[in-house]
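# Fold and contact review
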Amino acid sequence: MNSSSTTITTASGKSFPRDGLSAHELFDSQLSGGLTYNDFLILPGFIDFPADAVDCSVRVTRNHEIKLPLLSSPMDTVTEADMAIAMALTGGLGVIHYNCTVDEQVAMVKKVKMYENGFISDPVTLAPTNTVDDVWAIKAKYGFAGVPVTEGGKLGGKLLGMITNRDIRFVKHPKTTTLAEVMTPRAQLVTAKQGVSLDEANAILKQCKKGKLPIVDADDRLVALMSLADLLKNKEYPLASKTKGTKQLLAAAAVGTRPDDRVRLAALVDAGLDIVVLDSSQGNSTFQIDMIKHIRETYKDKIDVIAGNVVTMEQAKNLIEAGADALRVGMGSGSICITQEVMAVGRPQGTAVYKVALLAREYGIPVIADGGIQFVGHITKALALGAAAVMMGGLIAGTTESPGEYFYHDGKRLKKYRGMGSLDAMDKGDAAGKRYFSEGDKIKVAQGVTGAVLDKGSMYKFVPYLQAGLQHSLQDIGVKSVKALQEGVYADEVRFEKRSASAQLEGGVHSLYTYEKRLFS
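Procedures and definitions
- Residues numbered from 1 in each chain as written.
- Predicted model: local features only at pLDDT ≥ 70, side-chain atom pairs only at ≥ 80, totals over all residues.
- Heavy atoms only, no water.
- Helix = DSSP H or I, 4+ residues; strand = E, 2+ residues; numbered from the N terminus.
- Rg over C-alpha atoms; globule rule 2.2 N^0.38 Å.
- Buried < 20%, exposed > 50% of the residue type's maximum accessible area, 1.4 Å probe, protein only.
- Contact = heavy atoms within 4.5 Å.
- Lys, Arg positive; Asp, Glu negative; His and termini not counted.
- Charge placed at Lys NZ, Arg CZ, Asp CG, Glu CD.
- Salt bridge = Lys/Arg side-chain N within 4 Å of Asp/Glu carboxyl O.
- UniProt positions renumbered as here; feature names shortened; annotations may be inferred.
- Phe/Tyr/Trp six-rings, centres within 6.5 Å; stacked < 30°, edge-to-face > 60°.
- Arc of directions from axis to C-beta.
- 1 Å grid on protein atoms, 1.4 Å probe; cavity = no way out; pocket = protein on both sides within 12 Å on 5 of 7 lines; lining within 4 Å.
- Points joined across faces, edges and corners; volume = space filled by probe spheres on them.
- Nonpolar A, V, L, I, M, F, W, Y, C, P; charged D, E, K, R; others polar.
- Pairing = 2+ DSSP bridges.
- Right-handed = clockwise from strand over helix to strand, strands pointing away.
- Domains from an automatic or database assignment.

In this section: the overall build of the protein. The number of helices and strands found in the protein is 20 helices and 23 strands. Scaling as 2.2 N^0.38, a compact globule of 521 residues should have a C-alpha radius of gyration of about 24 Å, and the protein matches this with 25 Å. In terms of principal-axis extent, the alpha carbons of the protein reach across some 85 × 65 × 55 Å. Counting the 521 residues in the protein, one finds 53% classified as buried. Restricting the contact set of the protein to residue pairs at least 6 apart, pairs at least 24 apart contribute 66%. Computing the positive centroid from 60 side-chain charges and the negative centroid from 58, the protein places the two 3 Å apart.

Counting across every chain of the model gives 11 salt bridges. Measuring nitrogen to oxygen at the nearest pair gives 2.7 Å for the salt bridge that ties R62 to D325. Of this pair, R62 sits in the loop between β4 (58-59) and β5 (65-66) while D325 sits in the loop between α12 (313-322) and β17 (326-329), and the two are 263 residues apart along the sequence. Judged by relative accessible area, D325 falls into the buried class, the value being 2%.

Following the UniProt record, the feature "binding site: IMP" (unreviewed entry) maps to S335, D370, G371, G372, G393, G394, Y417, R418, G419, M420, G421 and Q447 here. Residue position: S335 is located in the loop between β17 and α13 (339-343).

Next up on the list: the UniProt feature "domain: CBS" (unreviewed entry) in the protein. Feature annotation in UniProt assigns "domain: CBS" (unreviewed entry) to the following positions: residues 119-179 and 183-241. From the first C-alpha to the last, residues 119-179 spans 24 Å; its make-up is 26% helix and 15% strand.

Our next topic: the packing of aromatic side chains. Per the stated rule, a full pass over the model turns up five aromatic pairs. Residues F462 and Y465 carry aromatic rings whose centres are separated by 5.5 Å and whose planes lie at 45 degrees to one another, so their mutual orientation is tilted. Separated by three residues within a single helix, F462 and Y465 lie in helix α18 (residues 459-477), roughly one turn from each other. A single burial state applies to F462 and to Y465, both of which are buried. Each member of the aromatic cluster is reached from another via a ring pair, and the members are F27, F40, Y354 and F496.

Residues of helix α19 (residues 482-490) that are buried: V482, L485, Q486, G488 and V489. Burial along α19 is one-sided: seen end-on, the buried residues are contained in an arc of 160 degrees. In the stretch just after α19, D492 is the one whose phi turns positive, near 65 degrees.

On to the environment of V223, then. With respect to the helices and strands, V223 occurs in strand β13 (residues 222-227). Once residues lying within four places of it in the same chain are set aside, the contact partners of V223 are S121, L155, Q194, I215, V216 and D217.

Here the largest pocket defines a volume of roughly 770 Å³. Lining the largest pocket are 25 residues, with L41, F375, G377, K381 and G507 positioned closest to its centre. Contributing elements (two or more residues each) for the lining of the largest pocket: β3 (40-42), α15 (376-384) and α18. Counting residues per element, the lining of the largest pocket draws most heavily on α18, at six residues. Partitioning the lining of the largest pocket into residue classes produces 10 nonpolar, 11 polar and four charged.

Burial along strand β19 (residues 389-392) is two-sided: A389 and M391 facing one way and V390 and M392 facing the other are all buried. In this structure, strand β18 (residues 367-370) lies alongside β19, joined through three bridges in parallel fashion. Directly across from D370, in β19, lies its bridge partner M391. Read from β18 through α15 to β19, the crossover connection turns out right-handed.

Its domain assignment divides the protein into domain 1 (51-116 + 240-404 + 456-507) and domain 2 (132-227). The gap between the C-alpha centroids of domain 1 and domain 2 is 38 Å.

Our focus in this paragraph is the pairing of strand β16 (residues 304-310). Across the seven residues of β16, seven count as buried, placing the element largely inside the fold. Here strand β15 (residues 275-278) pairs with β16 via three bridges, running parallel. If you follow V276 over to β16, its bridge partner there is V305. The handedness of the β15 to β16 crossover, carried by helix α11 (residues 286-299), is right-handed. Examined bridge by bridge, β16 and β17 share four bridges and lie parallel to one another. If you follow V310 over to β17, its bridge partner there is V329. This β-α-β element, β16 to α12 to β17, shows right-handed connectivity.

Put into structure tokens, the structure is as follows:
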């Protein structure tokens, strides 16, 4: 950590002013105007620890912590269930978009909540009269085929058997073959009694080497289920973001701020939603404040609310005092967003994050920097300016887990990526229109574009790259955690330097005839 002294004194006694600027000096708008991430650098500190000792955990909302300060954006070409699962397993948080029907969004939230559990409290169940075809449908929808068979096909029914991949793999007539004909019968199942501890249930699963462990009550009625796959995932993903006490993955989803969005939200809460993001390009509105108050009155502290978007202290103050648990900061800074040029409204992202975080800090409310994240270094800069986490769109669009199909153009493997303010997104559903207050307009004014991004591989490799890059970045600054970074900034110990246009060119790849830019291996 840099010295807190305002001067550097040599052995001969001569003193020099400290290098660089404090954050307060850097973001003096009268001197510098609005700044974004490329307009400054963080000066290096002293290293006395390894990079893997850096703690990247943050409090992302009032009541939830995650191990990595990374969120995926609620865009229909970025976050559906697969992305939300990947983000949660690797330590971040995925926010499921709402440019779809209520049922579709509910199904995505349920898929996240059911993906990894200790005790699965609401397992999928079938009746003995169901067919093998029903099991294949469940496998297609949820990705698993290990299903308990009960009387009536409901949780709480008497356990009759278990159906697995092995039971149905070679069935010739799946549409007519009932589960009663092929299931593993109750007498051959290993079960545990209701009240068994998580550790005891884990031990039983390991000992019997079965894929699923049904939990039954004194009358042999099914009350829960445990999965061996979940045990393996716990070992493979130690940073996974989970709800306290349940071991379920954290689930977040976006909704609008209109009256019908209250119906959508109720369905999402019933599905197990933990965090709701109120999605608006300009969050300082009576619509959003009324929605926050409705959520607080209806659900109390059952779910956390991320409000926004905002870019000024005045906007932030209104939403915090209405009851927001976190704020989303950014307006017009995304790669596919044209709000600033079309609407002449917004703010450079660096200044927006610093100013809003400064105010939110007084309330103890986290802020999320949304937009403009192109590199690992931008994540570090956003955190240094006070953000608890960053929200990524274009950076992770094109990964295996993002929605959409790959296609080829000029020999490059690509995926479609579009802004939620694009006409393309508005044509698909009404979420885009609600976000920009234009769902009833006869003429749609685009605030985003449609494009394509390169294939980036799987999130299960990309997120660890972002984590390692962030840890090395904080090591160079001389801080051991995100918390220490922000404390150093507010104490004027972490120093900054403004960059000229020439300095920005110097800091990138230059003076080469050809080069290959590989980010990780």
